Amino acid sequence: MEKNSLSVKALVISALFLALGIVLPQALHAIPNAGSVLLPMHIPVLLCGMAAGPLYGAGCGALTVLLSMLFTGMPPVFPVGVSMMAELAVYGGVSGIGYRLLRCQERPRRTYTALGTAMVAGRLVNGALMALLSLASGGSYTFTAFLAGALVTALPGIILQLVLIPPVMRALEKAHLTIG
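## Quick look at the overall build of the protein chain
Link 1 in the chain: Each helix and strand in the protein chain was counted, giving eight helices and zero strands.
Link 2 in the chain: Ordered by position from N to C terminus, the α and β elements of the protein chain give α-α-α-α-α-α-α-α.
Link 3 in the chain: Along the first, second and third principal axes, the C-alpha atoms of the protein chain reach 55 × 30 × 30 Å.
Link 4 in the chain: Within the protein chain, counting contacts between residues at least 6 apart in sequence, those at least 24 apart form 73% of the total.
Link 5 in the chain: With the model as given, the accessible surface of the protein chain reaches about 9200 Å², and the carbon-plus-sulfur share is 74%.
Link 6 in the chain: Taken together, the 10 basic and 4 acidic charged side chains of the protein chain have centroids lying 3 Å from each other.

## Description of helix α3 (residues 42–52)
Link 1 in the chain: Where burial is concerned, most of α3 is hidden: 11 out of the 11 residues are buried.
Link 2 in the chain: Looking at α3, one finds that the buried residues are His-42, Ile-43, Pro-44, Val-45, Leu-46, Leu-47, Cys-48, Gly-49, Met-50, Ala-51 and Ala-52.
Link 3 in the chain: Taken together, the buried residues of α3 touch α1 (3–27), α4 (54–72), α5 (77–101), α6 (107–136) and α8 (155–174).

## What to know about the nonpolar core
Side chains of nonpolar character tend, in soluble globular proteins, to be buried together.
Link 1 in the chain: One finds Phe-17, Leu-46, Leu-47, Met-50, Leu-88, Ile-165 and Met-169 to be the most contacted residues of the largest nonpolar core, which totals 32 residues.
Link 2 in the chain: Considering each element in turn, this core owes the most residues, eight residues, to α3.
Link 3 in the chain: Not counting residues up to four positions away in its chain, the partners in contact with Met-169 are Leu-47, Met-50, Ala-51, Tyr-99, Thr-111 and Thr-178.

## Quick word on the packing of α6 against α8
Link 1 in the chain: At a closest axis distance of 10 Å, the pairing of α6 and α8 adopts a crossing angle of 135°. Judged on the interaxial angle alone, α8 and α6 are oblique. The two elements α6 and α8 meet at a crossing, and its hand is right-handed. In contact with Arg-107, Arg-110, Thr-111, Tyr-112, Leu-115, Met-119 and Arg-123 of α6, α8 contributes Ile-158, Gln-161, Leu-162, Ile-165, Pro-166, Met-169, Arg-170 and Glu-173.
Link 2 in the chain: Class assignment for the residues of the contact of α6 with α8 results in eight nonpolar, two polar and five charged.

## Considering the state of the cysteines
By definition, a disulfide links two cysteine residues through a covalent bond between their sulfur atoms.
Link 1 in the chain: Here the structure, examined in full by the defined rule, presents zero disulfides.
Link 2 in the chain: Cysteine Cys-48 is unpaired, with the sulfur of Cys-60 as its nearest cysteine sulfur at 3.9 Å.
Link 3 in the chain: With a relative accessible area of 0%, Cys-48 lands in the buried category.

## Topic: the pattern of salt bridges
Link 1 in the chain: All told, the structure shown has one salt bridge when counted by the stated rule.
Link 2 in the chain: Here Arg-110 ties to Glu-173 by a salt bridge, and the two come within 3.8 Å at their closest N and O atoms. Separated by 63 residues along the polypeptide, Arg-110 in helix α6 and Glu-173 in helix α8 bring together distant segments of the chain.
Link 3 in the chain: Look at Arg-110 and you get buried, because its relative accessible area is 9%.

## Focus on the packing of aromatic side chains
Link 1 in the chain: Counted according to the given criterion, the structure contains one aromatic pair.
Link 2 in the chain: Their ring planes at 35° and their centres at 6.0 Å tell us that Phe-143 and Phe-146 sit as a pair that is tilted. With a gap of three residues between them, Phe-143 and Phe-146 both fall in helix α7 (residues 143–152), about one helical turn apart.
Link 3 in the chain: Relative accessible area serves as the criterion here: at 59%, Phe-143 is assigned to the exposed category.
Link 4 in the chain: On the basis of relative accessibility, which here comes to 14%, the residue Phe-146 falls in the buried class.
Link 5 in the chain: Here Arg-110 stacks its cationic end above the ring of Tyr-99, 3.7 Å away from the centre of that ring.

Thresholds, definitions, all that
- Residues numbered from 1 in each chain as written.
- Predicted model: local features only at pLDDT ≥ 70, side-chain atom pairs only at ≥ 80, totals over all residues.
- Heavy atoms only, no water.
- Helix = DSSP H or I, 4+ residues; strand = E, 2+ residues; numbered from the N terminus.
- Contact = heavy atoms within 4.5 Å.
- Areas by Shrake-Rupley, 256 points an atom, 1.4 Å probe, with all protein chains shown as cover.
- Lys, Arg positive; Asp, Glu negative; His and termini not counted.
- Charge placed at Lys NZ, Arg CZ, Asp CG, Glu CD.
- Buried < 20%, exposed > 50% of the residue type's maximum accessible area, 1.4 Å probe, protein only.
- Core = buried A, V, L, I, M, F, W, Y, C linked by side-chain atoms within 4.5 Å.
- Axes fitted to C-alpha atoms, helices over the stretch in contact; angles between N-to-C directions.
- Parallel < 35°, antiparallel > 145°, perpendicular 65-115°, else oblique.
- Left-handed = near helix turned anticlockwise from the far one by under 90°.
- Nonpolar A, V, L, I, M, F, W, Y, C, P; charged D, E, K, R; others polar.
- Disulfide = S-S within 2.5 Å.
- Salt bridge = Lys/Arg side-chain N within 4 Å of Asp/Glu carboxyl O.
- Phe/Tyr/Trp six-rings, centres within 6.5 Å; stacked < 30°, edge-to-face > 60°.
- Lys NZ or Arg CZ within 6 Å of the ring centre and 35° of its normal.

Okay, here's the thing in structure tokens:
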């Protein structure tokens, strides 16, 4: 396939995941705390990185949060929205890098390794930024608050990602909806 065709394909895939990243949280709005528990923005961004590549994944991550803030007012801009933009950009970028680097691995191992690495890296970036932004604004963000938000509250969403993303990636590959 020509390079331009690949770029257009990656852009279309990214746009689809970007739209899903904005629509999914709204679809789950009736469930209390669904955003922080089920992490509906994270799934499309992680998939985008693996399907379209790290640059498209990182862009999708940052833009998903930015456009969601503009269109829906969620998440709140400071400090949560700012740190989420960086977190989701890292998710998309790292999942894409990991997925590309592990091409020689069998599919389930490749997907889970890229996914796990991205999930850890994104959460660390989010925690570090939340601590810095809270400190800069005179607040505090404790390690306990980080663990509660990144692991305890988010555990159902983490499990959902680990269960849902590998078969979706397998289906995207079978349908030739991935780049590389």
